[in-house]
Amino acid sequence: MARFLRSKRSQSIGVMLTDVMDPFCTPILRGIENALYPLAYLPIFSDAHNQRERFERYLEMLLERHVDGLIVVANWLLVDIHVLADLNKAEVPTVTIGWEIPGNRVSFAMVDNEAGGRMALEHLYQLGHRRIAMILGPKRLIDTAPRWRGIQKFAQSVKLEIDSSLVTRLPDVFDANASFEHGYRLTEELLQKKKKFTALLAFDDLTALGAIRALAKAGIGVPEQCSVIGFDDIAISGLSVPSLTTVRQPLETMGAAAVNIVMEAIKAGHENRDWSVVAQKLHAELVIRDSTQAI
């Protein structure tokens, strides 16, 4: 406390999570913690449970503790963008992970979702699949639109017709882990339509794993009769049977990138110089495992 009073630096970074139970968050936390440790900065973690009221209360508490910067892992929570923009103006460097705030007002680090969506469909197309079922993300989730845009652009480039009767969507539910059950249920509904498809492209890995369970229950072998691809590359994806082909988000790297951005802004503040909003999009990577094969 005496050091803080002399230097006005708390040597701490507030880290706001939307939902610590979301497997998306865990590698990001590791990346944040690993990047802060050699800098002698302490992360103060808080979990908003996808609740706006809890988010606002924790934000208030972090600011009362004079954190030097703030990192918001905001994949699902619909955060108050005006609050975060005001923090930047008040010289509390703020970075979001997985959430791009419109208007170039707050720095962010996230994967290139459009390129990732294109990558997923291109993989299935190169394996010879043309009848491809798709489970899109929730409308209110920021990742959904760019992934769908990447899918559509690739389809147009190769003149692949997307059958709208084979396209469905996850509901707007804040529990990220619920996507397994929704993937299971939506795949069952697709099968009940009696429309044939040889591959299924899922919005994320949990949705893909739910789809594989539904296919197995219906006696459809993966990948022999239907290939399945996910997105994220959470830990369980490589352990499932069959192991899941997916588009990997560099989650630990995203956490480290956010630390680098916020620390540079803190340094600029100490040196009384301006800092600019940083928009960092990281590359996705195709990880081919056992759940996809040539038709």
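You'll find the structure just up there.
An account of the accompanying structure is given in this report.

So, how was this worked out
Sequence positions are assigned chain by chain, starting from 1 and proceeding in written order. For a predicted model such as this one, the threshold for reporting local features is a pLDDT of at least 70, and the threshold for listing and counting side-chain atom pairs is 80 or more; totals across whole chains, interfaces and linings nevertheless cover every residue. Side-chain calculation: all heavy atoms of the structure are included, whereas hydrogens and water are not. Elements are defined by DSSP. Helices are runs of H or I of four residues or more, strands are runs of E of two residues or more, and each kind is numbered from the N terminus. Only protein chains enter the accessibility calculation, which uses a 1.4 Å probe. A residue is then buried if its area is under 20% of the maximum for its type, exposed if over 50%, and partly exposed in between. Only heavy atoms matter for contacts: two residues are in contact if any of them lie within 4.5 Å across the pair. What is meant by a nonpolar core is a set of buried Ala, Val, Leu, Ile, Met, Phe, Trp, Tyr and Cys residues, joined one to another through side-chain atoms within 4.5 Å. Axes here refer to lines fitted to C-alpha atoms; in helices the fit is confined to the stretch in contact. Angles between the N-to-C directions go from 0 to 180 degrees. Any angle from 65 to 115 degrees is called roughly perpendicular, while one under 35 is roughly parallel, one over 145 is roughly antiparallel, and all others are oblique. Helix crossings are classified by the rotation of the near helix relative to the far one: an anticlockwise turn of less than a right angle makes the crossing left-handed, while a clockwise turn makes it right-handed. Two strands form a pair only when DSSP identifies at least two bridges running between them. Note on residue classes: Ala, Val, Leu, Ile, Met, Phe, Trp, Tyr, Cys and Pro are nonpolar, Asp, Glu, Lys and Arg are charged, and everything else, Gly too, is polar.

Secondary structure assignment for the chain yields 9 helices and 12 strands. Expressed as lengths along the three principal axes of its C-alpha atoms, the size of the chain is roughly 70 × 35 × 30 Å. Relative to its full complement of 295 residues, the chain shows a buried share of 52%. Restricting to contacts in the chain with at least 6 residues of sequence separation, those with at least 24 account for 77%.

Ranked by internal contacts, the top residues of the largest apolar core, which has 26 residues, are Ile13, Ile32, Ile71, Val73, Ile97 and Met263. Per element, the largest residue contribution to this core is 9 residues, and it comes from helix α9 (residues 251-270). Val73 has contacts with Met16, Leu17, Thr18, Phe24, Cys25, Ile28, Ile32 and Ile97, leaving out every residue within four places of it along the chain.

On to the packing of helix α5 (residues 113-126) against helix α6 (residues 144-157). The interhelical angle for the contact between α5 and α6, taken along N-to-C directions, is 45 degrees, at an axis separation of 6 Å. Classified by the interaxial angle, the pair formed by α5 and α6 is oblique. Crossing of α5 against α6: the hand is right-handed. Residue-level inspection shows Asn113, Glu114, Gly117, Arg118, Leu121, Glu122 and Tyr125 of α5 in contact with α6, the latter providing Pro146, Arg147, Arg149, Gly150, Ile151, Lys153, Phe154, Ala155 and Ser157.

A few words now on the sheet that holds strand β9 (residues 227-232). Strand order in this open sheet of 6 strands is β7-β6-β8-β9-β10-β12, and the pairing throughout is mixed. Both edges of this open sheet fall to β7 (167-169) and β12 (285-287), since each of them pairs with a single strand only. Averaged over all adjacent pairs, the angle separating strand axes in this sheet is 15 degrees, with direction ignored. As defined by bridge partners, β9 adjoins strand β10 (residues 245-248) across 4 bridges and the pair is classed as parallel. Across the sheet, residue Asp232 finds its bridge partner in β10, namely Arg248. The strands touched by helix α8 (residues 205-217) within the sheet are β6 (132-136), β8 (199-202), β9 and β10, with β9 carrying the most contacts at an inclination of about 160 degrees.

What follows concerns the packing of helix α2 (residues 25-36) against α9. The geometry of a pair of packed helices is captured by two quantities: the angle between their axes and the separation between those axes. Where α2 meets α9, the closest approach of the two axes is 6 Å, and the angle between their N-to-C directions is 40 degrees. With respect to α9, the axis of α2 lies oblique. Considering only the axes of α2 and α9, their crossing is right-handed. Counted together, Pro27, Ile28, Arg30, Gly31, Ile32, Asn34, Ala35 and Leu36 of α2 and Leu251, Glu252, Gly255, Ala256, Val259 and Met263 of α9 form the full contact between these two elements. Residues that form the contact of α2 with α9 fall into these classes: 9 nonpolar, 3 polar and 2 charged.

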